[in-house]
Amino acid sequence: MSDARLALEIPGGVISALLIALALVAVVVIGLRHLGVSDARRRRTLIALRVATAVVALLVAIQPTWSGERLDQRPGRLAVLFDASRSGIVRTGDEEDARTRADEAESLAARWSGAQRERAPDVYTFGAALRPARLETLAEELAPIEDDTRLAAAIEAAAERPAGDELGAVLVVSDGADLAGGALDTATRLGLRVHAVALGADAALRDDAIAEVRADRVGFLRRTAMVRVTVRRLGESAGEIPVALMRGEETLRETTVVVPEDGEATVDLAFTPDRLGRSVYRVVIPTAPGDAVPQNNERAFLVRVARDNLRVLLVAGQPSWDERFLRAFLTRDPTTDLISFFILRNTSDMTMAQPEELALIPFPTDELFHEHLGSFDVVLFQNFEYAPYQMAGYLPRIRDYVMRGGSFAMIGGPLSFSAAGYAETPIAEVLPVGVLPRGTPDTQAITTDRFQPVLAEDASRHPLVALLPDARANAAAWAALSPLQGLNVTTEVRSGGQRLLQHPTRRDLSGAPLSVLVSGSAGRGRVMALMTDTSWRWGMTSGGQQGDASAYERFWDRALRWLSRDPALEPARIETDRESYGPGARMRIDATLADERYVPLAAREVTITVLGEADRPLASADARTDGEGRARVELVAPDEPGGYRVVAVERGATDVLAEEVFVVESGGQELADPRPRPDVLRELAARTGGEIFEDPEQAPDLERFDATRVRSLGVVTERPLASPWAFLLLVALFGAEWILRRRWGAR
């Protein structure tokens, strides 16, 4: 039993016990004064019986108990964990040829690998993850390439590895610079003894470092952005350190910061992104003579530069409820820069005043569709007929705008699709649906019945109609919306298009369900066709009936985001486990892949590749996706600092399904603070019953480290005087004294 604790079960505890003891002492003293026995031997016998009776009575009254943890101790395995994080490159002396922390660990591995022992230890390296190793291999080279020191996760992973006997102890060979923390809690919870050998514990460190860089991942074109830089100085007196912000070899900003001795200072640097896309920026400080870690004198960060607002051009053919609702929605969104025109009259309208006397401005077709078309992210034609405004010559420009990567949507009504004569125009070339030919009677081109649109087959995953994440709940949500009224009749869904909503009963000329909402692509652009002008009913009417008018705004929010290629709504995504890596670090890459119809690419062979400058392949791995189109691979980061892309393609194809960018830094967070932390290892060893050696040369052979597995069998409580035998003993003592007193003539 370990750590036995004494307690009293009598109410009142120690105070009650003292009162009872005083009372019993008084009884004994009074009784001794009236024994009435003159024989010395008999007198001593009665005194002993009286005292023994009082003591037993006291113990029975206060009921002392002993409780403690019962432990089972058995021989266990020893797991040796070598720190393979990048802080291993730090030298343990000022000389250029001084040994590194990794060199110290290699020497230990060499000494331990040559010893004979009965029980072979489990050997691992750890950093971001635990990896099996061999002492003989580590003696030749321990590569410090890991970007993290996650000691708690390593201890837990080592305990979970099945290898015969249970793990009894862990021996950590590390500098203690654990950024994640939690190792003590993990070891305590698992009941493990932790020994430690500290690396670089006694080395003096001289280092200027960029300790931290904070910048927004997204910047806006020609809008000032800020990066906050923290500079740290170790082992040197206070002084000025120049700080430069660079993009490529171009210096954007320079300043000087005064850093105190063994302290930090912060400076803000402003910069203005002047090009769209992804840009890698660097913060650089000079490398002083004797700097122990020159790698942390430079940090890189990645900024995705976008326009600050989504520019939308809305052209409506006439005032309507649909136009009013859509324009109000676009106006309320502060991230949308809306240019809106709706037509109140055209050149064929008869007026009673001269044109120059009218307050309305002419429709600026040339300015919009010749000079500024490329500046818009999305162009919306809402129930708009082009012919009365001499726009036929501009339709090819809109088609080319889409083919080059722009986004276009056509919304239905009596002045849209075939009713407006869009058949056989350049616009028809990019629409995702076929348009009925010119001259089609209005009774055939437009339906006026009320209907409840339904989700098309395999469409529930598409973000345009995914109001809810669950497929059944999403279908129910669409069924509960207010019915629409009126529909532009179109023909087939064209190549590259996907029918998302359809009429519940009507068919098109090919016999397929009549389309209500179709999405698609044309060239590098995206297009959408909504063949009704009553989507406003999803807001006002549905809200009046159900109290929830959000479906309209959710639909149009997702429509604009999808048209403008919001990364969160892309069908295929690829993610790295971090945004920046050290040279040669291990990368974990996850891909979730689907086709343009948002159907998962299940059971497909894919290749994931890291690309450098000029899209030069640097590393790649093949994988097979699961039923949801997910795949995971591990690659090694490039050796040179800079910005890189990782892409996923289907085996044998050339089209990129998804891509992501990342940065390789020479320093990174692991080297931002290179100081050893032997205090972490000391506390870990002391609190778990282990040993620590702060000089690797003094560390004994592995057989000397205690790996006894201690397991708790629960808490045991002993109540020795709670049995009937204690009471019988008390009665026997009292009875013996009474009998002797009577026999010897005492009172």
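This structure is a prediction, so every number in the text was calculated from the model and none was measured. (Residues numbered from 1 in each chain as written. Predicted model: local features only at pLDDT ≥ 70, side-chain atom pairs only at ≥ 80, totals over all residues. Heavy atoms only, no water.)

Some points on the overall build of the protein chain
And step 1. If you tally the helices and strands in the protein chain, you get 16 helices and 37 strands.
And step 2. The C-alpha radius of gyration computed for the protein chain amounts to 41 Å, which surpasses the reference 27 Å derived for 747 residues by more than 25%, pointing to a less compact arrangement than a globule.
And step 3. Within the span of the protein chain, comprising 747 residues, buried residues form 47% of the whole.
And step 4. Look at the contacts in the protein chain between residues 6 or more apart in sequence, and 73% of them connect residues 24 or more apart.
And step 5. Put simply, the protein chain shows about 36,400 Å² of open surface, and 50% of that area lies on carbon and sulfur atoms. (Helix = DSSP H or I, 4+ residues; strand = E, 2+ residues; numbered from the N terminus. Rg over C-alpha atoms; globule rule 2.2 N^0.38 Å. Buried < 20%, exposed > 50% of the residue type's maximum accessible area, 1.4 Å probe, protein only. Contact = heavy atoms within 4.5 Å. Areas by Shrake-Rupley, 256 points an atom, 1.4 Å probe, with all protein chains shown as cover.)

Some details on the packing of helix H5 (residues 151-160) against helix H6 (residues 183-190)
And step 1. Across the interface, H5 lies against H6 with an axial gap of 7 Å and an inter-helix angle of 20°. The pairing of H5 with H6 is recorded here as roughly parallel in orientation. Where H5 crosses over H6, the handedness of that crossing is right-handed. Contacts between H5 and H6 involve Leu151, Ala152, Ile155, Glu156 and Ala159 from the former and Ala183, Thr186, Arg189 and Leu190 from the latter. (Axes fitted to C-alpha atoms, helices over the stretch in contact; angles between N-to-C directions. Parallel < 35°, antiparallel > 145°, perpendicular 65-115°, else oblique. Left-handed = near helix turned anticlockwise from the far one by under 90°.)

Observations regarding the sheet that holds strand S11 (residues 239-247)
And step 1. The five strands are arranged S9-S15-S14-S11-S12 in an open sheet whose pairing can be described as mixed. If you trace the sheet from one side to the other, it starts and ends with strand S9 (218-220) and strand S12 (250-259), each paired once. When strand polarity is set aside, the average angle formed by the axes of neighbouring strands in this sheet is 30°. (Pairing = 2+ DSSP bridges.)

Some words on the packing of aromatic side chains
And step 1. Counting across every chain of the model gives 20 aromatic pairs.
And step 2. Ring geometry for phenylalanine 271 and tyrosine 281: centres 4.7 Å apart, planes at 45°, overall tilted. Linking phenylalanine 271 in strand S13 (residues 263-271) with tyrosine 281 in strand S14 (residues 277-284), this pair joins segments that are ten residues apart in sequence. Tyrosine 281 carries the same exposure label as phenylalanine 271, and that label is buried.
And step 3. Each residue in the set Phe369, Phe381, Phe384, Tyr389, Tyr394 and Phe408 is aromatic and connected to the rest through ring pairs, giving one cluster.
And step 4. In this structure, arginine 311 is placed above the aromatic ring of phenylalanine 376, and the distance from its NZ or CZ to the ring centre is 4.8 Å. (Phe/Tyr/Trp six-rings, centres within 6.5 Å; stacked < 30°, edge-to-face > 60°. Lys NZ or Arg CZ within 6 Å of the ring centre and 35° of its normal.)

Section: the UniProt feature "transmembrane region" (unreviewed entry) in the protein chain
And step 1. According to UniProt, the positions carrying the feature "transmembrane region" (unreviewed entry) are residues 12-35, 47-66 and 721-740.
And step 2. Across residues 47-66, helical content stands at 80% and strand content at 15%; the span's end C-alpha atoms are separated by 30 Å.
And step 3. Here residues 721-740 is 85% helix and 0% strand, with 26 Å between the C-alpha atoms at its ends. (UniProt positions renumbered as here; feature names shortened; annotations may be inferred.)

Some details on the pairing of S14
And step 1. With three bridges joining them, S11 and S14 adopt antiparallel strand pairing. Bridge pairing in S14 links alanine 244 to valine 284.

Section: the domain arrangement of the protein chain
And step 1. Domain parsing of the protein chain yields domain 1 (2-71 + 717-744), domain 2 (77-203 + 676-706), domain 3 (207-302), domain 4 (310-344 + 362-568) and domain 5 (579-664).
And step 2. For domain 2 and domain 3, the distance between their C-alpha centres works out to 33 Å. (Domains from an automatic or database assignment.)

Here we look at the sheet that holds strand S3 (residues 77-83)
And step 1. With mixed pairing, six strands are arranged side by side in an open sheet as S5-S4-S3-S6-S7-S36. Edge strands, defined here as strands with exactly one partner in the open sheet, are strand S5 (130-132) and strand S36 (692-693).
And step 2. Of the pairings in the sheet, the one linking strand S6 (residues 167-174) to strand S7 (residues 193-198) comprises six bridges and is parallel in character. Across the sheet, alanine 169 pairs through a bridge with arginine 193, a residue of S7.
And step 3. The strands touched by helix H15 (residues 678-688) are S6, S7 and S36; relative to S7, the strand with the most contacts, the crossing angle is about 150°.

Re the pattern of salt bridges
And step 1. Counted according to the given criterion, the structure contains 45 salt bridges.
And step 2. Put simply, aspartate 148 and arginine 578 hold a salt bridge, and the shortest N to O gap is 2.8 Å. Taken together, the residues aspartate 148 in the loop between helix H4 (135-140) and H5 and arginine 578 in the loop between strand S28 (573-576) and strand S29 (580-581) connect sequence positions 430 residues apart.
And step 3. The partner of arginine 630 in a salt bridge is aspartate 626, with the nearest N and O atoms 3.3 Å apart. (Salt bridge = Lys/Arg side-chain N within 4 Å of Asp/Glu carboxyl O.)

Section: a nonpolar patch on the surface
And step 1. Taken together, the side chains of Trp725, Phe727, Leu728 and Val731 present a nonpolar region at the surface, about 480 Å² in accessible area.
And step 2. Tracing the backbone through its elements, the reader meets leucine 728 in helix H16 (residues 724-743). (Patch = residues over 30% accessible without salt bridge, like charges linked within 9 Å, V, L, I, M, F, W, Y side chains within 5 Å.)

Quick notes on unusual backbone geometry
And step 1. With a phi angle near 65°, tyrosine 598 is a residue other than glycine that sits in the positive phi range.
And step 2. Within the secondary structure layout, tyrosine 598 lies in the loop between strand S30 (586-592) and strand S31 (605-611).
And step 3. Tyrosine 598 gets classed as buried once you look at its relative accessible area, which sits at 9%.
And step 4. The backbone of alanine 603 sits at a positive phi, close to 55°, despite the residue not being glycine.

Describing the nonpolar core
And step 1. The biggest cluster of nonpolar side chains holds 77 residues, and the ones touching the most others in it are Phe369, Phe381, Met391, Phe408 and Trp556.
And step 2. Counting residues per element, this core draws most heavily on helix H14 (residues 550-563), which supplies eight residues. (Core = buried A, V, L, I, M, F, W, Y, C linked by side-chain atoms within 4.5 Å.)

Details of the environment of arginine 223
And step 1. On the secondary structure map, arginine 223 appears in the loop between S9 and strand S10 (225-234).
And step 2. Judged by its relative accessible area of 44%, arginine 223 is partly exposed.
And step 3. Between the C-alpha atoms of arginine 223 and arginine 307, which are 84 residues apart in sequence, the distance is 9.1 Å.
And step 4. Discounting chain neighbours no more than four positions away, the residues touching arginine 223 are Phe271, Thr272, Pro273 and Asp308.

As for the confidence of the model for the protein chain
And step 1. In the predicted model, the protein chain carries a mean pLDDT of 86, and the fraction of residues at 70 or more is 92%.
And step 2. Averaged pLDDT values for the elements of the protein chain fall to 60 in helix H13 (residues 540-546) and rise to 97 in strand S19 (residues 407-411). (pLDDT = per-residue confidence, 0-100.)

Some points on empty space enclosed by the protein
And step 1. Under the definition given, this model contains two cavities of 30 Å³ or more.
And step 2. Computed from the structure, the largest cavity encloses a volume of approximately 60 Å³.
And step 3. If one sorts the elements of the lining of the largest cavity by residue count, helix H3 (residues 101-113) sits on top with three residues. (1 Å grid on protein atoms, 1.4 Å probe; cavity = no way out; pocket = protein on both sides within 12 Å on 5 of 7 lines; lining within 4 Å. Points joined across faces, edges and corners; volume = space filled by probe spheres on them.)

Focus on the pairing of S3
And step 1. The element S3 is largely enclosed, with a buried count of seven among its seven residues.
And step 2. Burial along S3 is two-sided: Arg77, Ala79, Leu81 and Asp83 facing one way and Leu78, Val80 and Phe82 facing the other are all buried.
And step 3. Note: S3 against strand S4 (residues 122-126), five bridges, orientation parallel. Counterpart to leucine 81 in the pairing with S4 is tyrosine 124.

Focus on the environment of alanine 736
And step 1. Checked against the element boundaries, alanine 736 lands in helix H16.
And step 2. Sequence separation between alanine 736 and threonine 65 is 671 residues; the distance between their C-alpha atoms is 28 Å.

A closer look at helix H7 (residues 321-332)
And step 1. For H7, spanning twelve residues, the distance from its first C-alpha to its last is 17 Å, which sits close to the expected 16 Å at 1.5 Å a residue.
And step 2. Within H7, the full set of buried residues consists of Asp322, Glu323, Leu326, Phe329 and Leu330. Looking straight down H7, one finds that the buried residues subtend no more than 135° of arc, so they occupy a single side. Looking at H7, the residues exposed on the side facing more than 90 degrees away from the buried face are Arg324, Thr331 and Arg332.
And step 3. Buried residues belonging to H7 abut strand S16 (310-316), strand S17 (336-342), strand S18 (378-382), S19 and H14. (Expected span 1.5 Å × (residues − 1). Arc of directions from axis to C-beta.)

As for H15
And step 1. When we look at burial in H15, the residues that qualify are Pro678, Leu681, Leu684, Ala685 and Thr688. Angular distribution of buried residues about the axis of H15 spans 125°; they occupy a single face of the element. Exposed side of H15, more than 90 degrees from the buried face: Ala686 and Arg687 are the residues found there.
And step 2. For H15, the elements touching its buried residues are H5, S6, H6, S7 and S36.
And step 3. At the C-terminal side of H15, glycine 689 shows a positive phi close to 80°.

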